[in-house]
Structure formats: C-alpha cells, structure tokens
Amino acid sequence: MSCAESTTRLLLRNLESDGWIRLFRDAKDQRLKEFQPTEKFNSVVMEWLRFVVPLLIEARDHLEKLAPASGSPAARTGGAATADGEPLP
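Source: prediction; values computed, not measured.

Undergrad: What is the right way to look at the overall build of the protein in this model?
TA: For the protein, the count of helices and strands is three helices and two strands. When the helices and strands of the protein are placed in sequence order, the string is α-β-β-α-α. For the protein, restricting intrachain contacts to residue pairs at least 6 apart in sequence, the fraction spanning at least 24 positions comes to 3%. Carbon and sulfur atoms make up 61% of the accessible area of the protein, which totals about 7,300 Å².

Structure below.
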C-alpha cells in the first residue's frame, strides 16, 4: 500500500485512540514503534470469522457438489480444509 509516512502515523494513532491497537517503542531501537492488536480487535476478528468461515465452507461444499475435484484439499482430507490441505477447525 502506497501512502505518505505522515498518513501512516495518523492512521496508527487513530487506531490506538479508538482502542484497536497498542503502540509502543521498540525495546532495542527507540526510533521504531511496534503495535499489538487489543482484545477489542481480537474479539471483533473472531466474531467475523465465526460468521464468515461457515459461509465459506458452505460455498465450497456447494461448488464441490457441482464439480467435485478429486485433487481438492477437501477431497484429500475428507472434509473442510484450507487451500494448502490443512483441516479447518
């Protein structure tokens, strides 16, 4: 993503003031800042995943019924799987 350094700083400060991330200086190099997602961020992402993952699984299952692919990750694992073949939780 291409944007000015001042814009990046402003966006990060806004995310911090809204409670989405925590900003702190790097322990080894004080010129650098690091950020961590907050519990607010993590809980919203988890809520979104709980909503989206079942929809993606349903869509994948529907597509496989239309044209099953014997080499697909789901076919190889016998169930829901990521693109690299790892089973979904």
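Now, onward.
Undergrad: It is not clear to me how the packing of aromatic side chains should be interpreted in this structure. Could you clarify?
TA: Ring pairs (aromatic) are described by centroid distance and by the angle formed between their planes. A complete count under the given rule lists zero aromatic pairs for this structure. Positioned above the aromatic ring of Trp 20, the side-chain terminus of Lys 40 is 4.3 Å from the ring centre.

Undergrad: Where do I start with the pattern of salt bridges in this structure?
TA: It is possible for side chains bearing opposite charge to pair when their charged atoms get close. In the structure shown here, the tally under the stated rule is three salt bridges. Residue Glu 5 is joined to Arg 9 by a salt bridge in which the shortest nitrogen-to-oxygen separation is 2.8 Å. Of this pair, Glu 5 and Arg 9 both sit in helix 1 (residues 5-17), separated by four residues, roughly a single helical turn. On the basis of relative accessibility, which here comes to 43%, the residue Arg 9 falls in the partly exposed class. With a closest N to O distance of 2.8 Å, Arg 31 and Asp 29 form a salt bridge.

Undergrad: I'm lost on the side chain of Asp 26 in this one. Help?
TA: Residue placement: Asp 26 occurs in the loop between strand 1 (21-25) and strand 2 (33-37). We note that Asp 26 is buried and unpaired, the nearest opposite charge coming from Lys 28 at a distance of 7.0 Å. Residue contacts for Asp 26: discarding those within four places in its chain leaves Leu 32, Lys 33 and Glu 34.

Undergrad: What is the right way to look at a nonpolar patch on the surface in this model?
TA: Together, Met 46, Trp 48 and Leu 49 give the surface a local cluster of nonpolar side chains, amounting to about 310 Å² of exposed area. Under the relative-accessibility criterion, Met 46 is labelled partly exposed at 43%.

Undergrad: Quick question: what am I supposed to make of the confidence of the model for the protein here?
TA: Should pLDDT be low for a region, the predicted coordinates there are not to be read in detail. Averaged over all residues, the pLDDT of the protein equals 85, while 74% of them reach at least 70. Model confidence for the protein, summarised as mean pLDDT per element, is weakest for helix 3 (residues 73-77) at 56 and strongest for strand 1 at 95.

Undergrad: Would you mind going over helix 1 with me for this structure?
TA: Residues spaced three or four apart along an α-helix point in a common direction, a consequence of the helix completing one turn every 3.6 residues. Across its 13 residues, helix 1 extends 18 Å between first and last C-alpha, which sits within 8% of the 18 Å expected from 1.5 Å per residue. Phi turns positive one or two residues past the end of helix 1, at Gly 19, with a value near 85°.

Parameters and conventions
Residues numbered from 1 in each chain as written. Predicted model: local features only at pLDDT ≥ 70, side-chain atom pairs only at ≥ 80, totals over all residues. Heavy atoms only, no water. Helix = DSSP H or I, 4+ residues; strand = E, 2+ residues; numbered from the N terminus. Contact = heavy atoms within 4.5 Å. Areas by Shrake-Rupley, 256 points an atom, 1.4 Å probe, with all protein chains shown as cover. Phe/Tyr/Trp six-rings, centres within 6.5 Å; stacked < 30°, edge-to-face > 60°. Lys NZ or Arg CZ within 6 Å of the ring centre and 35° of its normal. Salt bridge = Lys/Arg side-chain N within 4 Å of Asp/Glu carboxyl O. Buried < 20%, exposed > 50% of the residue type's maximum accessible area, 1.4 Å probe, protein only. Lys, Arg positive; Asp, Glu negative; His and termini not counted. Patch = residues over 30% accessible without salt bridge, like charges linked within 9 Å, V, L, I, M, F, W, Y side chains within 5 Å. pLDDT = per-residue confidence, 0-100. Expected span 1.5 Å × (residues − 1).

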